[in-house]
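# Examining the three-dimensional arrangement
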Amino acid sequence: MEQIRRPRSRPDNEVPVPVVVDSPVLSTGDHATWLESCRVYSTGIELEFVLLTRDPERRRPHQLELLVGVEFADGRWTSTYGAQPDVDPEAPVLHPQGGGGSDNRMNERYYLSPVPPEGPCTVHFAMPDTDLADGEVVLAGARLNTAAAAVRELWPWRPKESSTAPVHVPVPPPGSWFRSHPEPEMPG
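Structural notes, computed from the coordinates. Each chain carries its own residue numbering, running from 1 in the written order of its sequence. Side-chain atom pairs in this predicted model are given and counted only at pLDDT of 80 or more, local residue features only at pLDDT of at least 70, and totals for whole chains, interfaces and linings cover all residues. With hydrogens and water set aside, each side-chain value is computed from the structure's full complement of heavy atoms.

## Here's the deal with the pairing of strand β10 (residues 120-126)
So the rule is basically this: Exposure categories follow from relative accessible area, calculated using a 1.4 Å probe and restricted to protein chains: below 20% of the type maximum is buried, above 50% is exposed, and the middle band is partly exposed. The secondary structure listing takes helices from DSSP runs of H or I that are at least 4 residues long and strands from runs of E that are at least 2 residues long, numbered from the N terminus. We call two strands paired when DSSP finds no fewer than two bridges between them.
Among the seven residues in β10, six count as buried, and that is most of the element. Strand direction decides the pairing type here: strand β6 (residues 67-71) and β10, joined by five bridges, are antiparallel. Bridge pairing links E71 to T122 in β10. When β10 meets strand β11 (residues 135-140), the two strands line up antiparallel, connected through six bridges. Along β11, the bridge assignment pairs C121 with L139.

What follows is the structure, given as structure tokens:
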């Protein structure tokens, strides 16, 4: 079980390597979101998104839901849309890591494991409860792997207990990338 659990969360014994991202800013008159940062660990990458609202009296950013999906160059993919079974230790996984913010700004972090292979790694994101279109950022797998090799380990890793609480999943709008990548079927 330790083999499966470790790559599913950000290591707490490492100093990550930041990788600069050139994210589009999805924006309307009332909402905006973008991928603000990418930090690489030995077992994966942490993606941090910003969600903004112009009028926090009408809708605060913590009331918005963000969908995130990632496609590797080799065709494997994962997303926060739908529950993914813990059956293949090589399959990519994407887990929420928390966040925080203020009345009109929210930062949300997600951990993607493993580090994507060489080639383009496309990060998709959407806020389904707004009129924003889907956004995407392409990260270079070679840069991510170079960064992973430069991660500094502070002390030996120790496993920690994981949560089994169910996660709420928002419904993506019609025409969204997330609709064309349905949630995987659970083994029966």
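Next, the rest of the story.
## Brief notes about the nonpolar core
How we decide: The set of buried Ala, Val, Leu, Ile, Met, Phe, Trp, Tyr and Cys residues whose side-chain atoms join them within 4.5 Å is what this entry labels a nonpolar core.
If you look at the biggest cluster of nonpolar residues, it comprises 32 residues, and the most contacted ones within it are C38, L47, F49 and L139. Going through the elements one at a time, β2 (17-19), β4 (31-40), β5 (45-53), β6, β9 (105-113), β10, β11 and α2 (141-149) are the ones with two or more residues in this core. When residues of this core are assigned to their parent elements, the largest contribution, four residues, is made by β5. Listed in part, the five residues of the second largest apolar core include L67, Y81, A126 and W177.

## Let's talk about a nonpolar patch on the surface
Stated precisely, the cut-off is as follows: For patch detection, residues must exceed 30% relative accessible area and be free of salt bridges, and they are connected within 9 Å for like charges or within 5 Å for nonpolar side chains (Val, Leu, Ile, Met, Phe, Trp, Tyr). Calculation of accessible area relied on Shrake-Rupley with a 1.4 Å probe; when residues are assessed, cover is drawn exclusively from the protein chains displayed. We define a salt bridge as a contact between a side-chain nitrogen of Lys or Arg and a carboxyl oxygen of Asp or Glu at a distance within 4 Å.
There is a patch of nonpolar side chains on the surface, built from V15, L154 and W155 and spanning about 280 Å² of accessible area. With respect to the helices and strands, L154 occurs in the segment after β12 (152-153).

## Regarding the packing of aromatic side chains
Applicable threshold: Pairing of aromatic side chains requires ring centres within 6.5 Å, counting the rings of Phe and Tyr and the six-membered ring of Trp. Pairs whose planes differ by under 30 degrees are stacked, by over 60 edge-to-face, and all others tilted.
Per the stated rule, a full pass over the model turns up five aromatic pairs. Between the aromatic rings of W77 and W177, the centroid separation amounts to 6.3 Å while the plane-to-plane angle is 85°, which identifies the pairing as edge-to-face. Here W77, found in strand β7 (residues 77-79), pairs with W177, found in the segment after β12; they are 100 residues apart in sequence, far enough to count as distant. Since its relative accessible area comes to 27%, W77 is described here as partly exposed. With a relative accessible area of 12%, W177 lands in the buried category. Clustering of aromatic rings is evident, with ring pairs tying together F49, Y110 and F125.

## Brief notes about the pattern of salt bridges
Throughout the structure, instances matching the rule amount to seven salt bridges. Measuring nitrogen to oxygen at the nearest pair gives 3.3 Å for the salt bridge that ties D30 to R54. With D30 in the loop between β3 (26-27) and β4 and R54 in the loop between β5 and β6, this pair connects stretches of sequence that are 24 residues apart. Overall, the relative accessible area of 24% leaves D30 in the partly exposed class.

## A look at the sheet that holds β11
The test is simple: Lines fitted to C-alpha atoms define the axes here, with helix axes fitted over just the stretch in contact, and angles between the N-to-C directions of these axes take values from 0 to 180 degrees.
An order of β7-β6-β10-β11 is seen for the four strands of this open sheet, with the pairing classed as antiparallel. Only two strands of the sheet have a single partner each, and these edge strands are β7 and β11. The average angle at which neighbouring strand axes cross in this sheet is 15°, direction not considered. The sheet contact formed by β6 and β7 spans three bridges and is antiparallel. Among the inter-strand pairings, G69 is bridged to a residue of β7, identified as S79.

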